[in-house]
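Fold and geometry: a report
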Amino acid sequence: MTRQVASTTALVLGFLVVMMLGGRLIRYFGIAAEGRLDISLLFTIIGYNLPYFLELILPLAFFIALMLVFGRLYVDQEMAVINASGVSRGRLARLMTPLILALFVGEAALSIVGKPWGVRSSEAVWQQQALTSAFDLIRPNEFISSGNYHLYVGSLSDDKKKLQDVILIQSEPTQKGNTGKSADMNNTIDQETADQMGISDMPKDIINRDAKDISKDTITLAKRAEQVNTGNSGVTQLDLFQGRRYEVGAGSLKYNQVAFDRYRITLTESSQEVITEDNIETQPIGPLWQAATGDAQTSTNNALRAAQGELGYRLALPWLMIIAPMLAVPLAQVRPRQGRWLRLFPSILLFVSCALGIISLKNAVSKGSISVWAYAWLVLGFMALALYLNWGSRVQHRLRFRKQENRLAVAAPISSLDNQHNSSQGGQS
């Protein structure tokens, strides 16, 4: 039984993976044909996205395999022979406990560790590819833009790794409530300078604005630059040689100037330490647990609720491996001359509704509509339904049998009394 269920699960899983990844693979081929994706990274991205699909496909494949194997036992009358030998269907399911536990651990590893790692690695590859595409667009004596950066190059090498006569402009708007680097700049206009510029009639709150509300532009001039090879870390860096760096605040008459012989800048960084709604799926289980419980730093309350929804989602998915055999054993039972395919599709819809319920709870918890404990109630509800499907008819049969025994027990004394009464009347006569 274990060998048949495991082999059928592998076959169904392979079919579903090919079917699900087919559309994604075609889309990636289209992106590669447009030149926005290196063809050598195509299967790397597919491999990183594989845990994302497996965490939902694996429970469904296991459930379908259980339905096919147990349904065949009923159709071929093997289950009747097994039951007549003193082995119940519940005992058959319990004999597969090692396989169920192994799949439970595998699903937990995919949900808690595999998918976040895959999403994080995939995003790093896409960031690296986006910057590489931007470097491919570099033309001599022209400005190009990539995010907050604007780059001008006088000339470049054939591999576009070495640049000459570089001008790099970075726009860095200050976040609200941040009194960081831009606050160090003295963004004030004295009265004498204001009179010389003819702006003495301007209000003082405009002339002497608070520096923390001002955006900062960084202009870097260098004779040459080289791109740093950082591997697949998701960090893109550029080394600038023999140049100057200027920090200028909007509306300010003063600036900071630094000369350098070699200066390294980071164009794209890895995932931030602060947990937000955008990077919640890439967080490992440790930081995610701290964010969900309020022990880690989050950007907003929405990020806190998103962390709770993501944590509940990851912890609820492995329980599908326990619900699958509990539902498949009673639902696979078919009557004589009734095909197993007739019960397969409604059963799949019932199991898929459980998975869709977990997915919908993730969005509801993230929006704050319901509590995170709704995951536990959903899992317990489907377990209660599975227990009813397994034991409901048996319990009802036993209750009816006990009622009949009680009726017979009550009727027996009455019939004995009638017999005694009839015998006494016969003796008197």
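What you are looking at is a predicted structure, and each value in this text was computed from that prediction instead of being measured.

**Looking at the overall build of the protein chain**
Of regular secondary structure, the protein chain possesses 12 helices and 6 strands. Among the 429 residues that make up the protein chain, the fraction classed as buried is 38%. Counting only contacts in the protein chain whose residues sit at least 6 apart along the sequence, the fraction spanning at least 24 positions is 66%.

**Notes on the packing of aromatic side chains**
One pass over the structure, following the stated rule, counts 5 aromatic pairs. A ring pair is formed by Phe-63 and Phe-351, whose centres lie 4.6 Å apart and whose planes are at 5°; its orientation type is stacked. Of this pair, Phe-63 sits in helix H2 (residues 42–75) while Phe-351 sits in helix H11 (residues 341–367), and the two are 288 residues apart along the sequence. Both residues of the pair, Phe-63 and Phe-351, belong to the buried class. In this structure, Arg-224 packs its charged tip against the face of Phe-241, placed 4.0 Å from the ring centre. A cation over a ring is seen here: Lys-362 above Tyr-313, with NZ or CZ 4.7 Å from the ring centre.

**Considering helix H8 (residues 285–293)**
The α-helix winds at 3.6 residues per turn, so residues separated by three or four positions along the chain end up facing the same way. If you check which residues of H8 are buried, you get Leu-288, Ala-291 and Ala-292. Mapping the buried residues of H8 onto a view down its axis gives an arc of 95°, with all of them on the same face. Considering only its buried residues, H8 is in contact with helix H9 (301–316). Backbone geometry just after H8 places Gly-294 at a positive phi near 90°.

**A closer look at the side chain of Thr-218**
Along the chain, Thr-218 turns up in strand E4 (residues 216–228). For Thr-218, the residues in contact, after removing those within four places along its chain, are Leu-168, Ile-169, Gln-170, Arg-245, Tyr-246 and Glu-247.

**Observations concerning the side chain of Thr-9**
Within the secondary structure, Thr-9 sits in helix H1 (residues 2–33). What Thr-9 contacts, discounting residues up to four positions off in sequence, is Ala-61, Phe-62 and Ala-65.

**Quick look at the packing of H9 against H11**
Close contact between H9 and H11 brings their axes to 7 Å; oriented N to C, the two are set at 160°. Classified by the interaxial angle, the pair formed by H9 and H11 is roughly antiparallel. Handedness of the H9/H11 crossing: right-handed. Together, Asn-302, Arg-305, Ala-306, Gln-308, Gly-309, Glu-310, Tyr-313 and Ala-316 of H9 and Ile-358, Ile-359, Lys-362, Val-365, Ser-366 and Lys-367 of H11 make up the contact between the two elements. Class assignment for the residues of the contact of H9 with H11 results in 6 nonpolar, 4 polar and 4 charged.

**With respect to the confidence of the model for the protein chain**
Averaged over all residues, the pLDDT of the protein chain equals 75, while 68% of them reach at least 70. Mean pLDDT across the elements of the protein chain bottoms out in helix H7 (residues 204–207) (44) and peaks in helix H10 (residues 320–331) (88).

**With respect to the nonpolar core**
One finds Phe-62, Phe-63, Leu-66, Phe-70 and Ile-358 to be the most contacted residues of the largest nonpolar core, which totals 66 residues. Tallying contributions element by element places H2 first for this core, with 20 residues. When sequence neighbours within four positions are dropped, the list of residues in contact with Leu-66 reads Val-5, Gly-71, Met-96, Ala-324, Pro-325 and Ala-328. Core analysis: the second largest hydrophobic core is formed by 13 residues, Ile-144, Leu-163, Leu-238 and Leu-240 among them.

**Quick word on the packing of H8 against H9**
The contact between H8 and H9 brings their axes to 8 Å, and the two run at 125°. Classed by the angle they form, the pair H8 and H9 counts as oblique. You can see that H8 and H9 cross each other, and the crossing is left-handed. Contact with H8, carried on its side by Ile-285, Leu-288, Trp-289, Ala-291 and Ala-292, involves Leu-304, Ala-307, Gln-308, Glu-310, Leu-311, Arg-314 and Leu-315 of H9 and no other residues of that element. Its residues placed into classes, the contact of H8 with H9 shows 9 nonpolar, 1 polar and 2 charged.

**A look at a nonpolar patch on the surface**
Judged by side-chain polarity, Phe-15, Met-19 and Met-20 come together as a nonpolar surface patch covering roughly 340 Å² of accessible area. Mapped onto the elements, Phe-15 comes out in helix H1.

**Overview of H11**
Taking 1.5 Å as the rise per residue, H11 with 27 residues should run 39 Å; its terminal C-alpha atoms sit 39 Å apart, in good agreement. Taken residue by residue, H11 has Leu-344, Ser-347, Ile-348, Phe-351, Cys-354, Ala-355, Gly-357, Ile-358, Leu-361, Lys-362, Ala-364 and Val-365 as its buried positions. One or two steps after H11, the chain reaches Gly-368, where phi turns positive at roughly 80°.

**Comments concerning the pattern of salt bridges**
Two side chains that carry opposite charge are able to pair once their charged atoms sit near each other. For the structure shown, the criterion picks out 7 salt bridges. A salt bridge links Glu-310 to Lys-362; the nearest nitrogen and oxygen atoms lie 2.9 Å apart. Residue Glu-310 is found in helix H9, and its partner Lys-362 is found in helix H11; the two are separated by 52 residues along the sequence. What makes Lys-362 buried here is its relative accessible area of 15%.

**Let's talk about the environment of Leu-41**
If you trace the backbone, Leu-41 turns up in the loop between H1 and H2. Note on Leu-41: relative accessible area 23%, which makes it partly exposed. Through-space distance from the C-alpha of Leu-41 to that of Val-125 is 8.2 Å; in sequence the pair is 84 residues apart.

Cut-offs used in this document
- Residues numbered from 1 in each chain as written.
- Predicted model: local features only at pLDDT ≥ 70, side-chain atom pairs only at ≥ 80, totals over all residues.
- Heavy atoms only, no water.
- Helix = DSSP H or I, 4+ residues; strand = E, 2+ residues; numbered from the N terminus.
- Buried < 20%, exposed > 50% of the residue type's maximum accessible area, 1.4 Å probe, protein only.
- Contact = heavy atoms within 4.5 Å.
- Phe/Tyr/Trp six-rings, centres within 6.5 Å; stacked < 30°, edge-to-face > 60°.
- Lys NZ or Arg CZ within 6 Å of the ring centre and 35° of its normal.
- Arc of directions from axis to C-beta.
- Axes fitted to C-alpha atoms, helices over the stretch in contact; angles between N-to-C directions.
- Parallel < 35°, antiparallel > 145°, perpendicular 65-115°, else oblique.
- Left-handed = near helix turned anticlockwise from the far one by under 90°.
- Nonpolar A, V, L, I, M, F, W, Y, C, P; charged D, E, K, R; others polar.
- pLDDT = per-residue confidence, 0-100.
- Core = buried A, V, L, I, M, F, W, Y, C linked by side-chain atoms within 4.5 Å.
- Patch = residues over 30% accessible without salt bridge, like charges linked within 9 Å, V, L, I, M, F, W, Y side chains within 5 Å.
- Areas by Shrake-Rupley, 256 points an atom, 1.4 Å probe, with all protein chains shown as cover.
- Salt bridge = Lys/Arg side-chain N within 4 Å of Asp/Glu carboxyl O.
- Expected span 1.5 Å × (residues − 1).

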